[in-house]
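Residue-level structural notes
So you can see what is in the structure, the chains are spelled out below.
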Amino acid sequence: MAKIQDVAKLFIHFSNELENNQNIKSFSMTQLRLQKLLYLAQGFYLGKHNKELFSDNLIAWKYGPVSVAIYRKYLKYGSDKICEDESFDVNKCFNNEEIDFLYKFFIQYATTATSKLVTIAHAPNSPWNNTNQGGEIDKTEMQCYFKKQKLETFNNTNGYVCDYVPERTIDGIMIWPIEDDEDDEWYDDQDNGMDTMES
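All values reported here derive from a predicted model rather than from experimental measurement. (Residues numbered from 1 in each chain as written. Predicted model: local features only at pLDDT ≥ 70, side-chain atom pairs only at ≥ 80, totals over all residues. Heavy atoms only, no water.)

1. Examining the packing of aromatic side chains
One pass over the structure, following the stated rule, counts 11 aromatic pairs. Here a set of aromatic residues connected by ring pairs shows up, and it is made of Phe11, Phe14, Tyr45, Phe101, Tyr103, Phe105, Phe106 and Tyr109. (Phe/Tyr/Trp six-rings, centres within 6.5 Å; stacked < 30°, edge-to-face > 60°.)

In structure tokens, the structure reads:
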């Protein structure tokens, strides 16, 4: 089983790589964005594999599902981009099943606006929506919910994850594809209120 700290570091690392690729439009990894990705990754992993991606509980805060440990770790960044990019050995932190899932999952959501991630996470009858504020989000409920909510519901793809998996170097670094330049709408994470949460 993976550690939530390692999943967070991997998402931050992926995001920084993507921002450095001029051929793909991407969104900076903020506290808000990271929390939504962790929630969705745990949910879809539970739905697909019938087991946890990480053991940490997620809490239903006013503005969405939150890992308190991750929130506190990156609290100093407020609603700004998380600049830390810690080096670590991907192959020592994750097993093959986890690595494949995380790469596919991130590719699926890499260019999804943070505001859309908020909409997905806050959907009516979602596990976060059904949990009392301050309570732990039930993983069994997450498993049942996300087993029904395949990614095609949100991103018009087939199955839980997209079929394309980018090539990786021996160190686990993604080799990103070149995508066509398209107009996209950008959103300001500060409007979503993450910086007003209480620790």
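2. Quick look at the nonpolar core
Counting 47 residues, the largest nonpolar core has Phe11 and Leu34 as the members making the most contacts within it. At nine residues, helix α2 (residues 31-49) tops the list of elements feeding residues into this core. With near-sequence residues (within four places) excluded, Leu34 lies in contact with Ala8, Phe11, Ile12, Met29, Ile70, Tyr74 and Ile82. (Core = buried A, V, L, I, M, F, W, Y, C linked by side-chain atoms within 4.5 Å. Buried < 20%, exposed > 50% of the residue type's maximum accessible area, 1.4 Å probe, protein only. Helix = DSSP H or I, 4+ residues; strand = E, 2+ residues; numbered from the N terminus. Contact = heavy atoms within 4.5 Å.)

3. A closer look at the environment of Gly43
Mapped onto the elements of the fold, Gly43 is located in helix α2. With 84 residues separating them in the primary sequence, Gly43 and Pro127 have C-alpha atoms 9.3 Å apart. When neighbours within four sequence positions are excluded, Gly43 is seen to be in contact with Met142 and Phe146.

4. Points about the environment of Ser55
You can see Ser55 is positioned in the loop between α2 and β1 (59-61). For Ser55, a relative accessible area of 43% corresponds to the partly exposed category. Distance in space between the C-alpha atoms of Ser55 and Lys3 is 7.3 Å, their sequence separation being 52 residues. If we skip the residues at most four places from it in the chain, Ser55 touches Met1, Ala2 and Lys139.

5. A closer look at the pattern of salt bridges
Between side chains of opposite charge, pairing is possible as soon as their charged atoms come close. This structure, assessed with the given rule, holds three salt bridges. Salt-bridge contacts for Lys9 lead to Asp6; the nearest nitrogen and oxygen are separated by 3.4 Å. With Lys9 and Asp6 both in helix α1 (residues 4-19), this residue pair falls three residues apart, about one helical turn. With its nearest N and O atoms 3.2 Å apart, the salt bridge here joins Lys51 to Glu97. Linking Lys51 in the loop between α2 and β1 with Glu97 in helix α5 (residues 96-109), this pair joins segments that are 46 residues apart in sequence. (Salt bridge = Lys/Arg side-chain N within 4 Å of Asp/Glu carboxyl O.)

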